[in-house]
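Listed below, chain by chain, are the residues.
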Amino acid sequence: MIVRLVMLAELVAITAALAMPESLPGWVLASFLLATAALAVAIFPLSASLGLARLLLRPGLVVVLAAPALWMALQAVPMPTGTLGNPIWATASAALSEPLPEMITVDTATTMFSLAQYCAVLATALVTAVITLDRYRAAQVLHILLAIATVATAMWFGKETNGAAGPDGSTVAVLGVLLAYATAIRALDQLRRHSRPGTIAPAPLPALLAAIIAMVVCMAALVIRTNATTVVAALLGSGILLSVFAIRRWFLGSWGTAGVLATAAIVSIAIATTIPFRTNTDLTIAFSTSSQTATERMLQDVGPTGSGAGASTVLLPIYLDVEGGASRERPTAAAAIVVDMGWAFLCGLVVIALLGACILIRRSLSRTYDYVFAALGAGASIAVTILAFSEHGILGLGASLLLGALFGLSFGQSVHSPGRDVISSESKEASDRIAVQAQASRWRFASALVTMWPRIPLMVLGIALITQAVWMALPELYLSVRPSSVSVLSTAAAWPNGISKPVSVAAAREDLWFRGGSRFSSDSAPAADEQSTAPLVTSSAFARALRSSPLRGDIWLMLAAGSKHNSSPSSTAAMLKMSYYTAPNDLDLLPLRVSVALATDTVVREPEFRELVKRDITLVVRHRPALRPALVTAYRSASPDGKIYLEGLISELDPAYLDQVRTRSSRQGSR
């Protein structure tokens, strides 16, 4: 019963992650379900836990699994000044005129989300490994994963990038192809093993038919919707499965194995030559067929320790061109990993993936039955490594959970039966020696250690996932029951009318979490005395949000607008400069930014600011005519020096429009 509930929890978690990509409810639901599954396996130990203990008692595997989580946590820990900390913290500290701890990450919230995703993937893999140590449950999990991948691919094939699978649909389709091949090979083995002269075993036929249908659906989606690199990744991964099948079916022996592997290597190299390769660019984006201009610039500035897990999504808008500010450029997974975690981390992942593939191939060839599960993991390792250098999909929540379940299935079934027998004999031998009075306590401790060890990491993961889910869910729930918090944080009455995009709810949610909740009035409309103090309260809230994410250009701009009347001109200029540098291409911020800049004499007189303002105004006059009314508003609120500077710029760019600005400004001023 427990096993069925755990399998159901994993099924719902992966489905929710695929159906609601990049959605906070999907994250929270998946985390809670996986936490429940991990705790259930830890609290109610299965007989198969001894097999998992054999895997987890290896120090090398423990280090490999724990290293990414430890590195993500270390990135969010304050560093000594002038060491590994990102320079943005020192710059933000100077702009806010308060000391800020330096960290490797540039955004602690995104790093914590990335850590939560890794914990979810790790829990999925370990729970699946425990369940699938039994061969019959392994077959059930294989069929469930195939059904999920096929349905998600079919839904993704029918929509552009929305709905099931979302932007990571091509990765799910590749995994669907591999799962279909594995199911078909296993069905063929069953037909050959259980058939009798003149009869056919009916049990494997439905699985074989389902595998063929899934293979057609997933391959059709890949050929029609994806690029050549993705198709090659699917073919190479499938080639691993077919090579193992050929060796086991027809070419037993060392020479036969060597011949098949050599032939497979030659064919793989020939297929790989069809992958489009861009020269004179970074290796992590060389296989990408989409535009990676901003990503290439971002890679040039990355340090050896990275910028923090998840930081690539925060940094990318800064490097986008103004004309491509709304483009859908997404760094490849390899490029994102380099930006987030550093080059050394990526190289380590590639080495581990290739070593894992070799280990799984060797274990697959040494198994008597059910060798296809280990071969599936080997093929997935090769395919995913190629996909990482061509697209972003493997970092999506749904695709990563599906991949974690697949690897858990592969490694769970790669444990040899003799190994399990050894564990059983060791337990029996230990119980026999209990009669020996001198060694009784030692053997009892050893037996308890073997039984408890696999439960400890699962329990830790379950508790961590519940904590992270609460961290994600509580601030959102708090905002939903206290609407005045959002209204105070984004009220237009407290700020100039020029802003076209109030501060996002996400920023408010982050701030509410880091300061432990707001204490604003529960009324939806603030009272008059509250409105008079709203700028001060909001400035404090924005400053707290910047302590976790100093790259929020919209928050810097709101602080600059709010400090215009309450702080020194130099403080306003410093905050405005941070807005220019952290959100240079955000057109939604342009109206308010121009208005604040022209109203501050310190800004207008500084040459660096004059160039930044000129860039914004040039963009409005020549390329964004819909934003021209914002120049009229900025002209009205500008200082005398600001009006002179704005008139000079407009006269150079469009002299006819200067008269319109003066006329509209005088009309609005007379109202």
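Residues numbered from 1 in each chain as written. Predicted model: local features only at pLDDT ≥ 70, side-chain atom pairs only at ≥ 80, totals over all residues. Heavy atoms only, no water.

It is not clear to me how the overall build of the protein should be interpreted in this structure. Could you clarify?
Assigned secondary structure in the protein consists of 31 helices and zero strands. When each of the 671 residues of the protein is scored for burial, the buried share is 52%. In the protein, of all internal contacts separated by at least 6 residues, the share reaching a separation of at least 24 is 77%. Put simply, the protein shows about 29,400 Å² of open surface, and 65% of that area lies on carbon and sulfur atoms. (Helix = DSSP H or I, 4+ residues; strand = E, 2+ residues; numbered from the N terminus. Buried < 20%, exposed > 50% of the residue type's maximum accessible area, 1.4 Å probe, protein only. Contact = heavy atoms within 4.5 Å. Areas by Shrake-Rupley, 256 points an atom, 1.4 Å probe, with all protein chains shown as cover.)

Even after reading the chapter, I still don't get the nonpolar core, so can you show me in this structure?
Looking at soluble globular proteins, one finds that nonpolar side chains tend to be buried together. Grouped together as the largest cluster of nonpolar side chains are 168 residues, with contacts concentrated most on L241, L315, L376, L401 and L576. The greatest single-element share of this core, amounting to 12 residues, is contributed by helix α6 (residues 108-131). The residues touching L315, leaving out its near neighbours within four places in the chain, are V106, M298, S307, V339 and L551. (Core = buried A, V, L, I, M, F, W, Y, C linked by side-chain atoms within 4.5 Å.)

Mind showing me how you'd approach the pattern of salt bridges here?
Inspection of the entire model under this criterion finds nine salt bridges. The shortest N-O distance in the salt bridge between R605 and D641 comes to 3.1 Å. Of the two residues, R605 is situated in helix α27 (residues 601-605) and D641 in helix α30 (residues 640-653); the sequence distance between them amounts to 36 residues. (Salt bridge = Lys/Arg side-chain N within 4 Å of Asp/Glu carboxyl O.)

Where do I start with the environment of G398 in this structure?
Counting through the fold element by element, G398 comes out in helix α17 (residues 397-414). For the pair G398 and T171, spaced 227 residues apart in sequence, the C-alpha separation works out to 9.8 Å. Setting aside residues up to four positions removed in sequence, G398 forms contacts with I14, A17, L18 and D168.

Where do I start with the environment of I644 in this structure?
Secondary-structure assignment places I644 in helix α30. Take I644: its relative accessible area is 57%, and that puts it in the exposed class. The sequence separation of I644 and L598 amounts to 46 residues, and the corresponding C-alpha distance is 9.7 Å.

Just checking my understanding: could you explain the packing of aromatic side chains for this structure?
Two numbers describe a pair of aromatic rings. These are the distance of the centres and the angle of the planes. Going through the model one piece at a time under the given rule, you end up with two aromatic pairs. On the basis of an interplanar angle of 85° and a centroid distance of 5.5 Å, the ring pair of W27 and F113 is categorised as edge-to-face. Placement of W27 in helix α2 (residues 24-43) and of F113 in helix α6 is noted, with a sequence separation of 86 residues between them. Of the two residues examined, W27 and F113, each falls in the buried class. A cation sits over an aromatic face here: K643 above Y635, 5.6 Å from the ring centre. (Phe/Tyr/Trp six-rings, centres within 6.5 Å; stacked < 30°, edge-to-face > 60°. Lys NZ or Arg CZ within 6 Å of the ring centre and 35° of its normal.)

Where do I start with helix α7 (residues 135-158) in this structure?
Side chains three or four residues apart in an α-helix point the same way, a direct result of the helix having 3.6 residues per turn. With 24 residues, α7 should reach 34 Å at 1.5 Å per residue; the first-to-last C-alpha distance of 35 Å fits that figure. When α7 is considered as a whole, its buried residues turn out to be A138, A139, V141, L142, L145, L146, I148, A149, T150, A152, T153 and W156. The N-terminus of α7 is capped by D134, whose side-chain oxygen sits 3.1 Å from the backbone nitrogen of Y136. (Expected span 1.5 Å × (residues − 1). Polar contact = N/O pair within 3.5 Å; in protein donor to acceptor, adjacent residues only side chain to side chain.)

Just to check I follow, could you spell out the packing of helix α14 (residues 333-341) against helix α15 (residues 343-366) for this structure?
Angle between the axes and distance between the axes are the two parameters that describe a pair of packed helices. It is at 7 Å that the axes of α14 and α15 come closest, and there the two elements cross at 130°. What the angle tells us is that α14 and α15 run oblique. In this structure, α14 uses A334, I337, V338 and M341 to contact α15, whose residues at the interface are W343, F345, L346 and L349. (Axes fitted to C-alpha atoms, helices over the stretch in contact; angles between N-to-C directions. Parallel < 35°, antiparallel > 145°, perpendicular 65-115°, else oblique.)

In this structure, what is going on with the confidence of the model for the protein? I would like to understand it.
Detailed reading of predicted coordinates is not advised where the pLDDT is low. Of the residues in the protein, 74% have a pLDDT of 70 or more, and the chain-wide mean is 76. Mean pLDDT per element in the protein: helix α21 (residues 483-490) is the minimum at 36, and α14 is the maximum at 93. pLDDT under 50 marks residues 417-443. Its contacts with residues more than four places away, or in other chains, come to 14 contacts. (pLDDT = per-residue confidence, 0-100.)

Please clarify how unusual backbone geometry should be interpreted in this entry.
Most peptide bonds take the trans form, and the phi angle of most residues other than glycine is negative. A positive phi angle, close to 60°, is found at S97, a residue other than glycine. Summarising the element assignment, S97 is placed in the loop between α5 (87-96) and α6.

How should the side chain of S312 be read in this particular structure?
Inspection of the secondary structure puts S312 in helix α13 (residues 311-319). Once residues within four sequence positions are removed from consideration, S312 is found in contact with M298, A336, V339 and D340.

Any chance you could explain the side chain of R593 here in plain terms?
Here R593 shows up in helix α26 (residues 590-599). Given the relative accessible area of 0%, R593 is considered buried. Polar side-chain contacts of R593 include one of 2.8 Å to the backbone oxygen of A583.

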